[in-house]
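What follows is the residue order along each chain.
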Amino acid sequence: QVELVESGGGLVQAGGSLRLSCAASGRTFRNSSMAWFRQAPGKEREFVATINWSGGSTYYADPVKGRFSISRNNAKNTVSLQMNSLKPEDTAVYYCAADRALYGVGFTTSDEYDYWGQGTQVTVSS
């Protein structure tokens with residue numbers, strides 16, 4: 001079966017950095033777009049960042065532009081999210097997502113993704 005496993009979450013002070021990683025197994029996603037979403041308690045899951053199949057195109061939600069960077073390593077079937085200058089409002093469970101479709105352009109809505117990890121908690125203290 002397909003499995004996505006996130007890691008790297010934790011507690012960090014405002015202004016600090018974390019790097020999240022997502023390891024995929026059971027299927028290669030080297031030709032598929034991948035993304036990160038996040039969800040705070042009582043809130044809808046929201047888009048954070050996406051990267052196309054080749055890694056040559058990325059798109060970020062406005063609140064994280066200039067602070068977060070998504071990247072991928074297709075040889076390792078992984079995707080990462082480097083988070084810098086973290087703010088308390090970044091506190092959420094972060095989820096890795098993958099698209100089943102090949103050569104997708106990337107999407108910003110969660111219903112476009114087919115596979116999801118269990119999430120990793122990121123807590124930013126002020």
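All of these numbers come straight from a predicted model, not from anything done at the bench.

A. A look at the side chain of S33. Within the fold, S33 resides in the loop between strand 3 (18-25) and strand 4 (34-39). Residue S33 is classed as buried on the basis of its relative accessible area of 0%.

B. Up close: the side chain of D90. The topology assignment puts D90 in the loop between strand 8 (78-83) and strand 9 (92-98). D90 gets classed as buried once you look at its relative accessible area, which sits at 0%. Polar contacts involving the side chain of D90 include one to the main-chain amide nitrogen of K87, which spans 2.8 Å. Dropping the residues within four chain positions of it, D90 is found in contact with R38, R67, F68, S85, V122 and V124.

C. Expanded view of unusual backbone geometry. Positive phi is not limited to glycine here, since N77 has a value of about 60 degrees. The exposure class assigned to N77 is buried, which follows from its relative accessible area of 13%. At S85, a residue that is not glycine, the phi angle is positive and equals roughly 50 degrees. Relative to the elements of secondary structure, S85 occurs in the loop between strand 8 and strand 9.

D. Representation of the sheet that holds strand 8 within the structure. Strand order in the open sheet formed by four strands is 1-3-8-7, with antiparallel pairing between adjacent strands. At either end of the open sheet lies a strand with only one pairing partner, and these are strand 1 (3-7) and strand 7 (68-73). Pairwise comparison of adjacent strand axes, ignoring direction, gives a mean angle of 15 degrees for this sheet. Relative to strand 3, strand 1 runs antiparallel, the two being bridged by five bridges. Across the sheet, E3 pairs through a bridge with S25, a residue of strand 3.

The rules behind these values
Once a new chain begins, its residue numbering starts again from 1 and follows that chain's sequence as written. Side-chain atom pairs in this predicted model are given and counted only at pLDDT of 80 or more, local residue features only at pLDDT of at least 70, and totals for whole chains, interfaces and linings cover all residues. To obtain the side-chain values, all non-hydrogen atoms of the structure were used and water was disregarded. Each helix is a run of DSSP H or I of at least 4 residues and each strand a run of E of at least 2, with the numbering of both proceeding from the N terminus. When a residue's accessible area, from a 1.4 Å probe over protein chains only, is under 20% of the maximum for its type it is buried; when over 50% it is exposed; and in between it is partly exposed. For the purposes of these results, a polar contact is taken to be a pair of N or O atoms within 3.5 Å, where, inside protein, one atom must be able to donate a hydrogen and its partner to accept one; residues adjacent in sequence count only when each atom of the pair is a side-chain atom. The criterion used for residue contact is that any of the two residues' heavy atoms lie within 4.5 Å. The pairing criterion is simple: DSSP has to find at least two bridges between the two strands. Orientation is described by axes fitted as lines to C-alpha atoms, over the contacting stretch for helices, and by angles from 0 to 180 degrees between their N-to-C directions.

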